[in-house]
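Close look at the chain arrangement
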Amino acid sequence: MASTTLEVDEVENSARSSPSVTVYEETNGQYMSVPTEDDKKVKFTVTPVSDAEQEEQQQRSNSTPSRPAQFEIADSDENADTLTQNSITALLSSKFRDIQKKLKQYGIESPHFRKRLVSKWESLNYDTCENYVYLKERDKYKSKKSVTLRWISKWMVMFLVGIGTALLAAAIHVIVENLAHKKFELVQEYFDHCANHSCLYQPILIWMAINLVVSLAGAGLVTFLQPMAAGSGIPYIKSYLNGVKIPGLLSLRAFVSKTVGVVLSILGGLACGKEGPMAHSGGIIAAGLGKGRINFFGRKRCSVYDGFRDDHEIRDFVAGGAASGVSAAFGAPVGGTLFSLEEAASFWNQDLTWRVFFASMIACFGTNFLISAFNGHPTKLSAPGLVRFNVFKVDLSFDLIEIPVFIVMAVLGGLIGAAFVVLNYKLTVFRQKYMRKKWIKVLEAGVVAMVSAVVGFVLMYATNECTSVSPYDDHAITAKLHCEEGKYNSMSLLFLTTPEGCLKALLHDPFDAHGPVSLIVFTVVFFFLGVWTYGLSVSSGVFIPSLAIGAAWGRLVGIGVVHMFPDNTHLVSLNKQMDVGKYALIGAASQLGGILRTTISLTVIIVECTGDISFGLPIMIVLMISKWVGDFITTGLYDMNVEVSGIPLLPCEPPPLCDDLRASEVMSQPLTTFKPKEKVGHILDILNNECCCGFPVVDDDPMFPGKGKLKGLILRSQLLVLLKKKIFSPAGTPQPRNIRLKDFRNFYPVYLKVHEIDIEEEEREYIMDLRPFMNPSPYTIESTFSLPRVFKLFRGLGLRHLIVVNEKNQAIGMVTRKDLAKFRAGSKRGIVKIEHLKIEDM
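Source: prediction; values computed, not measured.

**Quick word on the overall build of the protein**
In terms of helices and strands, the protein carries 27 helices and 20 strands. Buried residues in the protein amount to 50% of all 842 residues. Per element, the accessible surface of the protein, about 39700 Å² overall, is 58% carbon and sulfur.

In structure tokens, the structure reads:
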């Protein structure tokens, strides 16, 4: 038999990726793969069949009777064909595949939401386009005066970011605390009155009605005004600072929805906090001040200046705004700066560190001054943040023998945190599949708010655990229900307050304020409420619910230690309150680390919130161990949200075990190119039919159209502005050049759409000269570049497009963010694996 070679194409489920080729040669009657440089380790074995064998198989198939439609094996006689073991296995496999297809068709089998990238996400553009327009206007900024003025302007913007964040934080705090106090006072009055008059249905109905109306208003505001305001916003801020363009994330609509929505969410009784949304709100304030312009709900704009309207500058301001939000929320300027560095920002430098820390200090001081002034003593500065764990009445000290107990608690926190992430992932997938309509999202938020009220009432009524000890907070609201005179229901301390008040009660209330039964029930119920709440179409944070869950079971561990070792002075001190508070704080830190998986910044935040640096070592230990345990099972909550959203996030380092992959194997091809001079109609048709954001400009080669030497790169946003300004002319006439750099910045960051361009039929034959506006020196690489080198160059420079050329300087492909992000390294149960993600259109 003659030697034969087969070529098998491996085609991805994406039009953006290029096919790879595996070569096969015949050896001893079988086709075996031949290793090549482009080999992607896809192995096939093909056995050739002769013509005689094909005829024999055809005759055998014609003589074999057809099988029943159902999976049944009919009786057969000696002359009938019998089912061989191979045919039974093939039939079972076929039936199993049919069942799988039906499960996928009806949505019973969950698709891999975390193993995909969504094509709608685009990259930000950090590269400076040094075209003719830029070079012409750059001379204006070469003086020392302009450089100094720009340096001062950056610090002034950061100062205003801190002031704006402080004003927002103080306003949210005052509104929430006052309205929530009045709400729970009303519910408490009805509880105490109806407990003796057999009308307990009245307070629960009032509680449910308030929660329902307020939560529906908050969910409706977020769902219909700006869906990007849902959740804490930190996963999206993290993606934005990594270089991903998130439309609507930093808009005025998002600011209104986020700030008003978080107030309504807390007043609606949802298990959430306002600390995560403060980071998003701070980023929005920073972006608005950096752009020097406010885009109102219509087409109206209020513009002040345009010096910082580019992705690079706005990225740095947003990093400062996120840090200011965390600083104002917790009164932790150092922790806020580290949180922005550790969790959010992907591009950092020393100058940015000082500016971010400056903004965080201003936000912390401003919040402290405003809240203290509202409380009547502005000079004391006793309220540095929205949430303070408050200084413990006794010094937090620990003995070396307690470290093993803390380690066990850290492991438990990592396990519970991993369970929280897994359950929330399942719920998120369910919502994306079955709850796409807006009215369903709003209704779900109302249902959760009513369930929260019902659960609180049932637990208060069922446990009926009474105590007479005075709570930590003198203004705490307690309900008597069926308790004796002089006592109150201990569960009411945890439910007739905001989540922040609940956390403080668990940390600081006296030893006998909460019994084991109450803590066990509260931990289980609040855990599932937190899982259900996070991911609703409301503005909410997960910091405080996580801390409250951990503080509850941590306090339970403290009570157990006190009862198990009452005479051990190393484990139990004379002050039992210090013991339960200490273990509650360790539990809170363990739980937060197990859910969020951040260590350094959370350690500093907790230390700053407690005001006791001596307890920093145990907090650091439990945060690290809880992170390791959680990472062994699944990713963190924020990373899970990024993966489910299909956002192409680029990690710090390239994926391992990919050194053999070349740029030619990961690039997108074929390319859509432009000539230096193009007809307006052709440009308009390309923009209508292609979704690419960058187009190489090549020489006009009559022999090979579109294959000339690379001359530059033109962006989609530039072409749209040029078409809008009608920078074109009939053939043979000079092209108008009445366009400035300011004209391009006026459309930042919401660029034009193709349908907004009005082009007459006659103008379609006009010519546009792209040379003055294209980037004449884009970054290029050769096709032999390895994937790690491509990754480091692309991410290190913050590129949006990286053109691949051949030895003749002809553009043969382009590397974009999604081409690199589809190779993702992951670790699960201690095993490192490389995933090849699919790119889907949504």
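Structure's up, so let's keep going.
**Comments concerning helix α13 (residues 438-463)**
The terminal C-alpha atoms of α13 lie 38 Å apart, and with 26 residues this matches the ideal 38 Å at 1.5 Å per residue to within 8%. Phi turns positive one or two residues past the end of α13, at asparagine 464, with a value near 50 degrees.

**Concerning the side chain of arginine 716**
Structurally, arginine 716 can be placed in helix α24 (residues 716-724). Among buried Asp, Glu, Lys and Arg side chains, arginine 716 stands out as unpaired, with glutamate 122 the closest opposite charge at 6.7 Å.

**Notes on the pattern of salt bridges**
For the coordinates displayed, the defined rule picks out 17 salt bridges. A salt bridge links glutamate 313 to arginine 150, with the shortest nitrogen-to-oxygen separation between them at 3.3 Å. With glutamate 313 in helix α9 (residues 311-330) and arginine 150 in helix α4 (residues 144-194), this residue pair connects regions lying 163 residues apart in the sequence. Glutamate 313 sits in the buried class, given a relative accessible area of 8%. With a closest N to O distance of 3.0 Å, arginine 771 and aspartate 769 form a salt bridge. Taking relative accessible area as the criterion, aspartate 769 reaches 13% and is therefore assigned buried.

**Structural notes on a negative patch on the surface**
Judged by side-chain charge, Asp758, Glu760, Glu761 and Glu762 come together as a negatively charged surface patch. Mapped onto the elements of the fold, glutamate 762 is located in the loop between α25 (741-745) and β14 (767-769). With a relative accessible area of 58%, glutamate 762 lands in the exposed category.

**Overview of the packing of α4 against α9**
Angle between the axes and distance between the axes are the two parameters that describe a pair of packed helices. Between α4 and α9, the shortest axis-to-axis distance is 9 Å and the interhelical angle comes to 35 degrees. For the pair α4 and α9, the sense of crossing is right-handed. Contacts between α4 and α9 involve Arg150, Lys154, Val157, Met158, Val161, Gly162, Thr165 and Ala169 on the former and, on the latter, Glu313, Asp316, Phe317, Gly320, Gly321, Ser324, Gly325 and Ala328. Counted by class, the contact of α4 with α9 contains six nonpolar, six polar and four charged residues.

**Some words on the nonpolar core**
Residues Phe191, Trp207, Phe330, Met460, Leu496, Phe522 and Phe543 are the most contacted members of the largest nonpolar core, which totals 118 residues. Ignoring sequence-local partners within four residues, the contact set of leucine 496 consists of Phe184, Val187, Gln188, Phe191, Trp207, Met460, Ile477 and Ala479. If you look at the next biggest cluster of nonpolar residues, it comprises 34 residues, including Ile246, Ala254, Phe347 and Leu352.

**Looking at the sheet that holds strand β17 (residues 811-815)**
In space, the three strands of this open sheet follow the order β15-β16-β17, with mixed pairing throughout. At either margin of the open sheet sits one strand with a lone partner, and together these are β15 (780-782) and β17. Taking the axes of each pair of neighbouring strands and ignoring which way they run, one obtains an average angle of 35 degrees across the sheet. Two strands pair when backbone bridges link them, and strand β16 (residues 802-805) and β17 are joined in this way by four bridges, in the antiparallel orientation. Bridging from a neighbouring strand, valine 805 pairs with alanine 811 of β17.

**As for the pairing of β16**
By the alternation rule, side chains of β16 split into Leu802 and Val804 and Ile803 and Val805, which are all buried. As defined by bridge partners, β15 adjoins β16 across three bridges and the pair is classed as parallel. Considered in β16, the bridge of glutamate 782 is made with valine 805. Running through helix α26 (residues 787-797), the crossover from β15 to the neighbouring parallel element β16 is right-handed. What sits between β16 and β17 in their antiparallel hairpin is a turn of five residues, with asparagine 809 showing a positive phi close to 60 degrees.

**Here we look at the state of the cysteines**
For the coordinates displayed, the defined rule picks out two disulfides. Here cysteine 466 is linked by a disulfide to cysteine 483, with a sulfur-sulfur distance of 2.0 Å. On the S-S bond that ties cysteine 466 to cysteine 483, the torsion sits near -85 degrees, and the link is left-handed. Remark: cysteine 483 occurs in the loop between β9 (466-467) and β10 (488-489) and cysteine 466 occurs in strand β9; sequence separation between them is 17 residues. Regarding the disulfides, the protein carries the connectivity 1-2, 3-4 under sequence-order numbering of its bonded cysteines. Its sulfur unpaired, cysteine 693 is 7.5 Å from the next cysteine sulfur, which belongs to cysteine 691.

**A look at the packing of aromatic side chains**
Scanning all chains against the criterion turns up 19 aromatic pairs. Relative to tryptophan 155, the ring of tryptophan 151 lies with its centre 6.1 Å away and its plane at 55 degrees, an arrangement referred to as tilted. One end of the pair is tryptophan 151 and the other is tryptophan 155, both in helix α4 and four residues apart, which spans about a single turn. What makes tryptophan 155 partly exposed here is its relative accessible area of 25%. Between tryptophan 155 and phenylalanine 358 the ring centres are 5.4 Å apart and the planes differ by 65 degrees, which places this aromatic pair in the edge-to-face class. In this pair, tryptophan 155 is assigned in helix α4 and phenylalanine 358 in helix α11 (residues 350-374), connecting sequence segments 203 residues apart. On the basis of relative accessible area, phenylalanine 358 is assigned to the partly exposed category, the value being 27%.

Reading guide: rules and limits
Residues numbered from 1 in each chain as written. Predicted model: local features only at pLDDT ≥ 70, side-chain atom pairs only at ≥ 80, totals over all residues. Heavy atoms only, no water. Helix = DSSP H or I, 4+ residues; strand = E, 2+ residues; numbered from the N terminus. Buried < 20%, exposed > 50% of the residue type's maximum accessible area, 1.4 Å probe, protein only. Areas by Shrake-Rupley, 256 points an atom, 1.4 Å probe, with all protein chains shown as cover. Expected span 1.5 Å × (residues − 1). Lys, Arg positive; Asp, Glu negative; His and termini not counted. Salt bridge = Lys/Arg side-chain N within 4 Å of Asp/Glu carboxyl O. Patch = residues over 30% accessible without salt bridge, like charges linked within 9 Å, V, L, I, M, F, W, Y side chains within 5 Å. Charge placed at Lys NZ, Arg CZ, Asp CG, Glu CD. Axes fitted to C-alpha atoms, helices over the stretch in contact; angles between N-to-C directions. Left-handed = near helix turned anticlockwise from the far one by under 90°. Contact = heavy atoms within 4.5 Å. Nonpolar A, V, L, I, M, F, W, Y, C, P; charged D, E, K, R; others polar. Core = buried A, V, L, I, M, F, W, Y, C linked by side-chain atoms within 4.5 Å. Pairing = 2+ DSSP bridges. Right-handed = clockwise from strand over helix to strand, strands pointing away. Disulfide = S-S within 2.5 Å. Phe/Tyr/Trp six-rings, centres within 6.5 Å; stacked < 30°, edge-to-face > 60°.

That is the geometry; function is a separate question.
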